[in-house]
Amino acid sequence: MCALFPCRVMASMTPSSCTERGFTLLEVLVALAIFAVLAVAVTTASQHVLAQSQGVRERLLASWVADNHLTELGLQAAPAPGQRSLEVMFGQHRWTLHESRRLGVGGLLQVQVRVGLAADRQVLHQATGWLGMADAPR
């Protein structure tokens, strides 16, 4: 109340009760400016963390897609060397797989799988597996 009405104006108040002071307008504006800068910094950091977590989630799903594909190939008859591309649905996303098969050492078939979202061309995960050839010489 003393900040609004100086002691001269309020004759009924004793001088000791008028020693309390409130914040000045300048102090309040500085505090608000500091708060605004901190709020912007926290918001920017939060957006960065959310973007990073989305990228980590996509790379994790891509690794699962690649591992699942290599496991499925291991359960089937060994395919011939060559290449192929296919699309699969996994985790509510459409994924593109690029599979490359070549004959390796000891009659093993080296299978390399590159996985990315079908919407863009970026490879999110790459995995390599080895399959035994059914007709390989021993």
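Quick look at the structure, then. None of the values given here were measured: they were computed from a predicted structure. (Residues numbered from 1 in each chain as written. Predicted model: local features only at pLDDT ≥ 70, side-chain atom pairs only at ≥ 80, totals over all residues. Heavy atoms only, no water.)

**Let's talk about a nonpolar patch on the surface**
Taken together, the side chains of Phe23, Leu25, Val28, Leu29 and Leu32 make up a nonpolar region of the molecular surface, amounting to roughly 560 Å² of accessible area. Within the secondary structure, Leu25 sits in helix H1 (residues 25–75). Looking at Leu25, the relative accessible area reads 63%, which means it is exposed. (Patch = residues over 30% accessible without salt bridge, like charges linked within 9 Å, V, L, I, M, F, W, Y side chains within 5 Å. Areas by Shrake-Rupley, 256 points an atom, 1.4 Å probe, with all protein chains shown as cover. Salt bridge = Lys/Arg side-chain N within 4 Å of Asp/Glu carboxyl O. Helix = DSSP H or I, 4+ residues; strand = E, 2+ residues; numbered from the N terminus. Buried < 20%, exposed > 50% of the residue type's maximum accessible area, 1.4 Å probe, protein only.)

**Focus on the pairing of strand S1 (residues 82–90)**
Look at any regular strand and the pattern is simple: side chains alternate between the two faces of the sheet. Examined bridge by bridge, S1 and strand S2 (residues 93–103) share nine bridges and lie antiparallel to one another. Following the sheet pairing, Glu87 is matched in S2 by Thr96. The loop that links S1 with its antiparallel partner S2 comprises two residues; one of these, Gly91, has a positive phi angle of about 60°. (Pairing = 2+ DSSP bridges.)

**Some thoughts on the environment of Ala66**
Inspection of the secondary structure assignment puts Ala66 in helix H1. Note on Ala66: relative accessible area 0%, which makes it buried. Spatially, the C-alpha atoms of Ala66 and His125 are 7.4 Å apart, while their sequence positions differ by 59 residues. Apart from the residues lying within four places of it in its own chain, the contact partners of Ala66 are Val113, Val115, His125 and Ala127. (Contact = heavy atoms within 4.5 Å.)

**Here we look at the nonpolar core**
Ranked by internal contacts, the top residues of the largest apolar core, which has 16 residues, are Trp95, Val111, Val113 and Val115. Within the residue set of this core, elements represented by two or more residues are H1, S2, strand S3 (108–117) and strand S4 (125–132). In terms of residue count, H1 provides more of this core than any other element does, six residues in total. (Core = buried A, V, L, I, M, F, W, Y, C linked by side-chain atoms within 4.5 Å.)

**Regarding H1**
With 51 residues, H1 extends 75 Å from end C-alpha to end C-alpha; this agrees with the ideal 75 Å at 1.5 Å per step. Every buried residue of H1 is listed here: Gly55, Glu58, Leu61, Ala62, Ser63, Val65, Ala66, His69, Leu70 and Leu73. In this structure, the buried side of H1 is in contact with S1, S2, S3 and S4. (Expected span 1.5 Å × (residues − 1).)

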